[in-house]
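What the coordinates show
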Amino acid sequence: MATYNGENIFGYAVTMIHVLNPTAEQLNAFFGLNHQQALWGGQRGRAFEVTGLLHGADATALNNAEALYHSYIDGRARTLVDTRGRTWSSVLVKQFQPGGKVLQDNRGFYLPYKGLLVGLR
């Protein structure tokens, strides 16, 4: 189960795609010489694209689940445990995009969403 700061803010049917940000590098070319020189400047973090379903037994509970997710969009980095059980420190919640339609069945209300998290390391 994926968690952020020790809480399951992601709901059900969660998928996470982990992508490294482009590294810092410098390419140099010198007049009169063939080829180029590459200087590597290190990693520049990572991004996590999250999709899932927030759930609430009623509309109020669903709104509270969404508000909990929103409360973490505060610029403070925390620990993420992804869907594969890997732990990532210094991760920011950057974006929450709700789906267009709230779904309902006999167990309650569901809100599909997409989110973006940014790993600083």
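Structure shown above.
Here we summarise the structure given alongside this text.

Here we come to the overall build of the chain. Looking only at helices and strands, the chain features one helix and nine strands. Each helix (α) and strand (β) of the chain, taken in turn from the N terminus, gives the series β-β-β-β-β-α-β-β-β-β. Whereas a compact globule of 121 residues would reach a radius of gyration of roughly 14 Å, the chain reaches 19 Å, over 25% beyond that. Its C-alpha atoms give the chain principal-axis dimensions of roughly 75 × 25 × 25 Å. Expressed as a percentage of the 121 residues in the chain, the buried residues total 31%. Summing over all exposed atoms, the chain offers an accessible surface of approximately 7,700 Å²; the carbon and sulfur share of this is 53%.

This paragraph deals with helix H1 (residues 59-71). End to end, H1 covers 18 Å across 13 residues, agreeing with the expected 18 Å (1.5 Å per residue, within 8%). Listing the buried residues of H1 in full gives Leu62, Ala65, Glu66 and Tyr69. Summarising the axial view, the buried residues of H1 lie within an arc of 95°, below the 170-degree limit, and thus occupy one face. The backbone nitrogen of threonine 60 lies 3.2 Å from a side-chain oxygen of the residue at the head of H1, namely aspartate 58.

This part takes up unusual backbone geometry. Despite not being glycine, asparagine 5 shows a phi value in the positive range, around 60°. Even without being a glycine, histidine 35 presents a positive backbone phi close to 80°. With respect to the element layout, histidine 35 can be found in the loop between strand E3 (24-28) and strand E4 (37-42).

Attention now goes to the side chain of threonine 3. Structurally, threonine 3 can be placed in strand E1 (residues 3-4). On the accessibility criterion, threonine 3 (14% relative accessible area) is buried. If sequence neighbours within four positions are ignored, threonine 3 has contacts with Asn8, Phe10, Thr79, Leu80 and Val81.

Basis of the calculations
- Residues numbered from 1 in each chain as written.
- Predicted model: local features only at pLDDT ≥ 70, side-chain atom pairs only at ≥ 80, totals over all residues.
- Heavy atoms only, no water.
- Helix = DSSP H or I, 4+ residues; strand = E, 2+ residues; numbered from the N terminus.
- Rg over C-alpha atoms; globule rule 2.2 N^0.38 Å.
- Buried < 20%, exposed > 50% of the residue type's maximum accessible area, 1.4 Å probe, protein only.
- Areas by Shrake-Rupley, 256 points an atom, 1.4 Å probe, with all protein chains shown as cover.
- Expected span 1.5 Å × (residues − 1).
- Arc of directions from axis to C-beta.
- Polar contact = N/O pair within 3.5 Å; in protein donor to acceptor, adjacent residues only side chain to side chain.
- Contact = heavy atoms within 4.5 Å.

Nothing here speaks to function; it is geometry throughout.
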